Amino acid sequence: MTVIATAGHVDHGKSALVRALTGIEPDRWEAERRRGLTIDLGYAWTTLPGGGTVAFVDVPGHRRFIGNMLSGIGPAAGVLLVVAADGGWSPQSTEHLRAAHALRLEHGVLAVTRSDLADPDPTLAEARSRLRGTSLVGIPAVAVSARTGTGLEELREELATLARRMPRPPADSPVRLWVDRSFTVRGAGTVVTGTLAAGTVRPGDHLALTTQAGLERDVVVRGVHSMDRAVEAATGPARVALNLRGVDVEDVGRGRTLLSPDHSWWPTVTVDVLLDDDLLPADVTAHVGTAAVPARLRLLAGRHARVSWQTPLPLAPGDRLILRDPGREGSLVGALVLDAITPPLRRTGAARARASALATASGATTTIAGRVVSEATAGAWRQGLTDLLARRVAADPLTPWVDEGSALTVLHRRVGMPDLATLRALATGCGLRVEGGRLVREGAEALTVHPGLDSVLRRLAADPFDAPSRPELADLGLGAREIAAAARTADVLRLPGDVLLGSAAPELALGRLRTLPQPFTAAQARAALGTSRRVLIPLLEYLDARGWTHRAVDGRHTITAPT
């Protein structure tokens, strides 16, 4: 199936043309049929020459319903641009063309309607002139009359050719369905409709419904309809109606999305974009898919800008937005999403630096933890993580790791790191490994051996109880911070008074003390271990505290640890 949206001025015959092509009335509301005015989105379909199917999303042409129009054209990949021969090009024609260009729609057909009422050639010439410099330049054109049928077969042929040219996404692509209608069917429950741009949906599938809070709620597809009939599967592009289980109709209105559980879009309230034009106010309406949300526009530098809103929307680099000044007609501006995850801009000059980074990245992206981000953001994350670890090692040379929880807190604040899964995936690519809740530098074993500590360990290997004094430790470059770090390594036992022994010292001490008559005095223990009182007393207290020895009231000790 090919899904095409109509576009054009009100009363230029869009609905009449769709009706003539399909035999289906696209105006769903009685008020629309009574007034001859399309207010909301309409839907119809027909079989093309050669056997293909085209589905039309018929949009309103009146300027008061531009929001509905953008909801219809947003998810479509092609457009049927309609201009009446007896009406000529109009301001609304320009606005609809701007919308198509803002979305960079390249596939379409120009239909000059009512060619039985006026010579279509002047209108056709002007329309072709207007298309120059837009994404629709060079599309085929047909003069038609819905009333007499003139040109309809030629238009069908052009639509069939268009359908053959349009790219087909893989059937196993992730699903992102922008909902355009939701209603209740007696005995079935909640039903939603939308344009399935890519991917496949089947009865029994689990999909993630985006909620107002940006969470993803699991829903189950009970049934799938396309072209008013039940199907075993629908593969995009297609118009679909999904019967959902596990959601009320009021929770899944226009603008919500249904996503594959393994989707790659970010639920975001802020995006960095490249504008087609920077002539917009700070307060705008952002249109994407079928969603329309109040938004705030902040220019970064040049045509790079940041757009933010309240309700999370699932986006990724490469998506296109339409930004509109709600107080001024014809103020549509396209925007290319460069990133759906944005670092904070807290420092002076941060906005300009961000714009420069985005410009340098030139739209390049990378995938981290299954989701796409710009190289500008990925680079900021990598640098932030590298700097964080470097500062940690510089402050504490014997600790070449960082706790992943504290790292996420710092990096979220500094560079917008979104979650733990992203941090872990990024760490792997930065030469770190995730180990016991820590991010540890690969080859960290070499970093754990401070030259001074290495000297201490060699000294203890020769004499296990010859612990250096504090002045000796200081001479070796082991201050309080280095000693604390040494105590966190597996090779060192730190006792009160900054007494450093090897980790095997307690076991070696017990072995020698067993040779003494039980109980034994401190003097006997000191002689057996060949150490000083400075080392002996904290070592005996360590053994007592663990129940390996027992100190009697007379000060003598007895070994209680089993052999």
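Quick summary incoming for the structure in this document.

**A closer look at the pattern of salt bridges**
Part 1 of the reasoning: The tally for this structure, following the rule as stated, stands at 22 salt bridges.
Part 2 of the reasoning: With a shortest N-O distance of 3.3 Å, Glu472 and Arg459 are connected by a salt bridge. Taken together, the positions of Glu472 in helix H13 (residues 470-475) and Arg459 in helix H12 (residues 451-462) put the pair 13 residues apart, joining distant regions of the chain.
Part 3 of the reasoning: Overall, Glu472 belongs to the partly exposed group, its relative accessible area being 33%.
Part 4 of the reasoning: Through salt bridges with shared partners, one network takes in Asp272, Arg306, Asp339 and Arg354.

**Some points on the packing of aromatic side chains**
Part 1 of the reasoning: Within this structure, the stated rule accounts for one aromatic pair.
Part 2 of the reasoning: A ring pair is formed by Tyr542 and Trp548, whose centres lie 6.2 Å apart and whose planes are at 70°; its orientation type is edge-to-face.
Part 3 of the reasoning: Residue class for Tyr542 comes out buried when judged on its relative accessible area of 18%.
Part 4 of the reasoning: According to the relative accessible area criterion, Trp548 is partly exposed, its value standing at 30%.
Part 5 of the reasoning: Arg371 extends its terminal NZ or CZ atom over the ring of Trp266, reaching a point 5.3 Å from the ring centre.

**Let's talk about the pairing of strand S19 (residues 304-315)**
Part 1 of the reasoning: The buried fraction of S19 amounts to ten of the twelve residues, a majority that puts the element mostly inside the structure.
Part 2 of the reasoning: Bridge count for strand S16 (residues 266-275) against S19 is eight bridges, and the pairing is antiparallel. Opposite Pro267, over in S19, you have Pro314 as the bridge partner.
Part 3 of the reasoning: Bridging between strand S18 (residues 291-301) and S19 involves five bridges; their strand directions are antiparallel. Across the sheet, Ala301 pairs through a bridge with His304, a residue of S19.
Part 4 of the reasoning: Counting the residues in the hairpin turn of S18 and S19 gives two residues, including Gly302, whose phi is positive at 60°.

What counts, and where the lines are drawn
For every chain, the first residue of the written sequence is number 1, and numbering continues from 1 onward in sequence order. Side-chain atom pairs in this predicted model are given and counted only at pLDDT of 80 or more, local residue features only at pLDDT of at least 70, and totals for whole chains, interfaces and linings cover all residues. As a rule here, side-chain values come from all non-hydrogen atoms in the structure, and water together with hydrogens is ignored. Every case where a carboxyl oxygen of Asp or Glu lies within 4 Å of a side-chain nitrogen of Lys or Arg is listed as a salt bridge. Secondary structure is summarised from DSSP: a helix means a run of H or I of at least four residues, a strand means a run of E of at least two, and numbering begins at the N terminus for each. When a residue's accessible area, from a 1.4 Å probe over protein chains only, is under 20% of the maximum for its type it is buried; when over 50% it is exposed; and in between it is partly exposed. Classification of ring pairs rests on two measures: the distance between centres of Phe, Tyr or Trp rings, Trp counted by its six-membered ring, which must be within 6.5 Å, and the angle between planes, read as stacked under 30 degrees, edge-to-face over 60 and tilted in between. Only when the NZ of Lys or the CZ of Arg is both within 6 Å of the ring centre and within 35 degrees of the ring normal is a charge said to sit over the ring. When DSSP locates at least two bridges between a pair of strands, those strands are taken to pair.

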